[in-house]
Amino acid sequence: MNHFSETQDKLDRLIPIPADLPRLYLFGDTGTGKTSLVRQILGTRSLNFPSVRRKRTTVVPTEYLITSDGGFKAAVLLKSNEEVQKTIAEILEDALFNAFKAQLAGHLDIDQVIENIGESPDQRFRLRYILPSDSQRTYADMIVHDFLPIIVDWIQNNFPDEQDVDGVFELAVGETLAEKLNSLQTEILSFINGRVREKTGKDLADGTVVIEHKTLQDFIDMLKPLLAAEPNSLSPVVRYSRIQGPFRSNWLADEAIDLVLTDGEGIGHDTREDKMLSSRHLDYFYRSDLIVLVEDSERPFTGAGKAAIAGVVRNGYLPRFHLCFCRLDLVEGEDRRTQISDVNAGLRNVLNSLSDENVTMNRNDLSISYVSHLDKASPDDESVKTIVQLLRTVRDSTRKAKGVFVRPQYDFELIAAFLDHATQAFRKLWNDYLFGHGGPKQPWQTVKAFNRRMVWREDGYKSLQPISELHGEIMKRLSPYFASVKKWDKVVTVRLQQSSVDSLRQEFAQLLKEMIRETLIAAKYGNWENALELSGRGSTFDRAHRIGRIITEVAPPLTASDAAWIKDKIKHLVGESIEICLQKAE
């Protein structure tokens, strides 16, 4: 699978980004108004593009290169045949298992089976967008009336008293339905490829689709079948897109603002993100000039917003951070000032809560805006001014002089104690996931799907996000370490001290993320493959133990004889980060 840098390299060959173009990254919970804000800036609201819905709309991260001239062009990266087929397999297996459990409980419902066929368990692949409704019902009938009786009969004949329902189900599927399921997966994949060819003239195997047109309306009409979040769309098989053109709302016509605007996937997609920000955002943070967290004014911080702010601060990105409250018009209040006051009350509660978690920041450290009426033809005048000022801030950020960095000196021997707490918390979390030691055990299908994502070189699956979790634990535990500078190379102000520490955190966070990816995925690739290949009775148990060994090897107890490498590596990354900061400041 493609890492962020590999994806960017592919897109750069098709639509290169000018080096001087400033970058704005939007992120936030699903349904907070990110894409509505994008449509207002692009001037494409009347064209209903990008798609806007209240729940889980953006599943294809998209970069918009807003330029002053030229025509419109899009580069769309497709998922591979293998990934799509394996995702279909997970959907069918999950639908079959849920039907099996429902039948055991005496409430099997064909409509629920159809619902399960409609999208992957992690809600990222919406098969219902591509498959016609009659096909979805046909496959649901097949599961209920053909596949399910075979499973039930086999289990009753071979393991009538088996208590391990999960394990025996996986065994039964492998013994009785492997060929039928493979045939069905191939049939669905063939249909999807036919739809891709019909709409684009390409196959999934081609990997990319490029669209160009001189007029906006025709360009959007060509793009919608690929990116729309609605039935008859191919968006489930799209991995990433980059779109370039002279986009601009009428109220931006007089503004000389060219930039890259990235509309990221909602942070609510990963269920762990209400506690810890996913590492997938850090690549965007590192390359962006301004990072904007979009919150819903009517229901602020009811999702992952609090964890997002904590992640921003711990990773050193507060100087680039902006908080934007959308849908201010939905807040009760007699005027804008009263509405803003109500929203700020919720913000104060969050900041107080963060201070209890050793995330230190002041209200004055935050850059904040409030916007209304994004669902209208144009926002209200005050919101227009606010958005324009936000875009000017992004534009002007590239004109700033290089920051000054002063070398901090640390006691490297203190790192071990902080690191020990981080690896211990990480191992405990995964003992819960795999074995239920102190927390809810993850279903076998989730663990197997996660294992497959590791083989695909992805960062995780659903709540199983080891890269984010280990990275987050280390950044969290090392936060007081970074703040406790032993000595500065020069006498500097408190402001410059904080700026230097923030720069150091950014570089360290980026290096740490890549180190964890390399150690967990690349170096352990064969282990992940071996665990995934397990089948038969007992494979669920064996797979969990093999994954557990990988986790322990990557984050060992620091008292273990083989733990010296991780302590030395973290010390080296701190030193390397300081050198990078010094080079950038030259």
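Check the entry above for the structure.
Worth saying up front: this structure is predicted, and the values here are computed from it rather than measured.

A. Broad picture of the sheet that holds strand β7 (residues 290-296). A sheet is described by the order of its strands in space; here 9 strands give the open sequence β4-β3-β5-β2-β6-β1-β7-β8-β9, paired in mixed fashion. Both outer strands of the open sheet, β4 (208-213) and β9 (367-370), are each paired with one neighbouring strand and no more. If you compare each strand with its neighbour and ignore which way they point, the axes differ by 15 degrees on average. With 4 bridges connecting them, strand β1 (residues 23-27) and β7 associate as parallel partners. Across the sheet, residue L24 finds its bridge partner in β7, namely L290. With respect to the sheet, helix α10 (residues 305-314) is in contact with β1, β7 and β8 (321-326), its orientation differing from that of β7 by roughly 160 degrees.

B. Layout of unusual backbone geometry. Geometrically, the link from F49 to P50 is a cis peptide bond, its omega value of -10 degrees lying close to zero. Within the secondary structure, P50 is located in the loop between α2 (34-42) and β2 (62-66). If you check the backbone angles, N232 has positive phi at about 70 degrees while not being a glycine. Mapped onto the elements, N232 comes out in the loop between α8 (216-227) and β5 (238-245). At H373, a residue that is not glycine, the phi angle is positive and equals roughly 55 degrees. On the secondary structure map, H373 appears in the loop between β9 and α12 (381-397). For H373, a relative accessible area of 28% translates into the label partly exposed.

C. Quick look at the layout of surface pockets. There is about 600 Å³ of room inside the second largest pocket. Forming the boundary of the second largest pocket are 25 residues, of which K86, E93, N182, K448 and R452 lie nearest the centre. Taken together, the elements giving at least two residues each to the lining of the second largest pocket come down to α3 (81-105), α6 (165-176), α7 (178-200) and α14 (444-455). Considering every element that reaches the lining of the second largest pocket, the biggest residue donor is α3, with 7 residues. Partitioned by chemical class, the residues of the lining of the second largest pocket number 10 nonpolar, 6 polar and 9 charged.

D. Seen up close, the pattern of salt bridges. Summed over the entire model, instances satisfying the criterion amount to 31 salt bridges. When the shortest N-O distance is used, the salt bridge between E90 and R452 registers 2.8 Å. Of the two residues, E90 is situated in helix α3 and R452 in helix α14; the sequence distance between them amounts to 362 residues. On the accessibility criterion, E90 (6% relative accessible area) is buried. The partner of K428 in a salt bridge is D432, and the shortest N-O contact between them spans 3.3 Å. Residue K428 and its partner D432 are both found in helix α13 (residues 415-435); the two are separated by 4 residues, about one turn of the helix. Under the relative-accessibility criterion, D432 is labelled buried at 9%. Among the charged side chains, a salt-bridge network with shared partners connects D283, D459, K513, E514 and R517.

E. Here's a closer look at the packing of aromatic side chains. Under the defined criterion, the tally for this structure stands at 23 aromatic pairs. For the ring pair Y25 and Y284, a centre distance of 4.6 Å and an interplane angle of 5 degrees mean the geometry is stacked. Of this pair, Y25 sits in strand β1 while Y284 sits in helix α9 (residues 280-287); the two residues are 259 residues apart in sequence, bridging distant segments of the chain. Taken together, F4, Y25, F27, Y284, F285 and Y317 form an aromatic cluster joined through their ring pairs. In this arrangement the basic side chain of R457 is found over the ring face of Y525, its NZ or CZ atom lying 4.2 Å from the centre.

F. Expanded view of the side chain of S279. Locating S279 in the fold gives a position in the loop between β6 (259-263) and α9. The buried category is assigned to S279, whose relative accessible area is 1%. At a separation of 3.4 Å, a polar atom in the side chain of S279 contacts the side chain of D459. Dropping the residues within four chain positions of it, S279 is found in contact with D459, I467, S468 and K513.

G. Region of the structure containing the packing of helix α17 (residues 525-532) against helix α18 (residues 539-554). Two elements in contact, α17 and α18, have axes whose closest approach is 9 Å; the angle formed by their N-to-C orientations is 170 degrees. Looking at the two axes, α17 sits roughly antiparallel to α18. Here N527, W528, N530, A531 and L532 of α17 lie close against α18, whose contacting residues are R543, R546, I547 and I550. Within the contact of α17 with α18, the residues separate by chemical class into 5 nonpolar, 2 polar and 2 charged.

H. Region of interest: α12. The terminal C-alpha atoms of α12 lie 24 Å apart, and with 17 residues this matches the ideal 24 Å at 1.5 Å per residue to within 8%. All buried positions along α12 are accounted for by S383, V384, T386, I387, V388, L390, L391, V394, R395 and S397.

I. Local environment of helix α19 (residues 564-585). Here α19 contains 22 residues, and its C-alpha end-to-end distance of 32 Å stays within 8% of the 32 Å for a straight helix at 1.5 Å per residue. Among the residues of α19, I566, I570, L573, V574, S577, I578 and C581 are the ones counted as buried. Taken down its axis, α19 places every buried residue within 130 degrees of arc, on the same side. Summarising the contacts, the buried residues of α19 are in contact with β10 (408-409), α13, α15 (466-483), α16 (494-522) and α18.

J. The arrangement of the state of the cysteines in detail. Tallied over the entire structure, the rule returns 0 disulfides. Considering cysteine sulfurs only, C324 is the nearest to C326, which forms no disulfide, with 4.1 Å between them. By relative accessible area, C326 is classed as buried at 0%.

K. Local environment of the packing of α3 against α14. Closest axis-to-axis distance for the α3/α14 pair is 11 Å, and the angle between their directions is 175 degrees. With respect to α14, the element α3 is oriented roughly antiparallel. Here K86, E90, E93, D94 and F97 of α3 lie close against α14, whose contacting residues are W444, Q445, K448, A449, R452 and R453.

L. Quick peek at the pairing of β5. Summarising burial for β5: 7 of the 8 residues are buried, a large majority. With 6 bridges connecting them, strand β3 (residues 72-78) and β5 associate as antiparallel partners. Looking at the pairing, K73 lines up with Q244 of β5.

Rules of the game
Numbering of residues begins from 1 in every chain and follows the order in which that chain's sequence is written. Only residues with pLDDT of at least 70 get local features here, since the model is predicted, and only at 80 or more are side-chain atom pairs given and counted; chain-wide, interface and lining totals rely on the full set of residues. By convention in this description, side-chain values take in all heavy atoms of the structure and omit both hydrogens and water. Strand pairing is assigned whenever DSSP detects at least two bridges linking the two strands. Counting from the N terminus, the helices are DSSP H or I runs at least four residues long and the strands are E runs at least two residues long. Interaxial angle, 0 to 180 degrees, is taken between N-to-C directions of lines fitted to C-alpha atoms, where a helix line uses only the stretch in contact. Working rule for contacts: check all heavy atoms of both residues, and any pair within 4.5 Å makes them a contact. Categorising residues by exposure relies on relative accessible area from a 1.4 Å probe, with only protein chains included: less than 20% of the type maximum marks a residue as buried, more than 50% marks it as exposed, and the intermediate range marks it as partly exposed. Using a 1 Å grid laid over the protein atoms alone, points where a 1.4 Å probe fits but cannot get out form a cavity; open sets with protein on both sides within 12 Å along at least 5 of 7 lines form a pocket; any residue with an atom within 4 Å of a point counts as lining. Grid points are joined across faces, edges and corners, and a volume is the space filled by probe spheres set on the points. As a working rule, the residues Ala, Val, Leu, Ile, Met, Phe, Trp, Tyr, Cys and Pro are called nonpolar, Asp, Glu, Lys and Arg charged, and the rest polar, with Gly in that last group. When a carboxyl oxygen of Asp or Glu is within 4 Å of a side-chain nitrogen of Lys or Arg, the pair counts as a salt bridge. Pairing of aromatic rings covers Phe, Tyr and Trp, the last through its six-membered ring, and needs centres within 6.5 Å; plane angles under 30 degrees mean stacked, over 60 mean edge-to-face, and all others mean tilted. Here, a charge over a ring means that NZ of Lys or CZ of Arg falls within 6 Å of the ring centre while also lying within 35 degrees of the ring normal. Two N or O atoms count as a polar contact when they lie within 3.5 Å, although within protein this holds only if one can serve as hydrogen donor and the other as acceptor, and sequence-adjacent residues are included solely when both atoms are side-chain atoms. Any angle between 65 and 115 degrees counts as roughly perpendicular, while under 35 counts as roughly parallel, over 145 as roughly antiparallel, and the rest as oblique. A helix is expected to reach a length of 1.5 Å times the quantity of its residues less one. Directions drawn from the helix axis to the C-beta atoms are what define this arc. Pairs of cysteine sulfur atoms within 2.5 Å are identified as disulfides in what follows.

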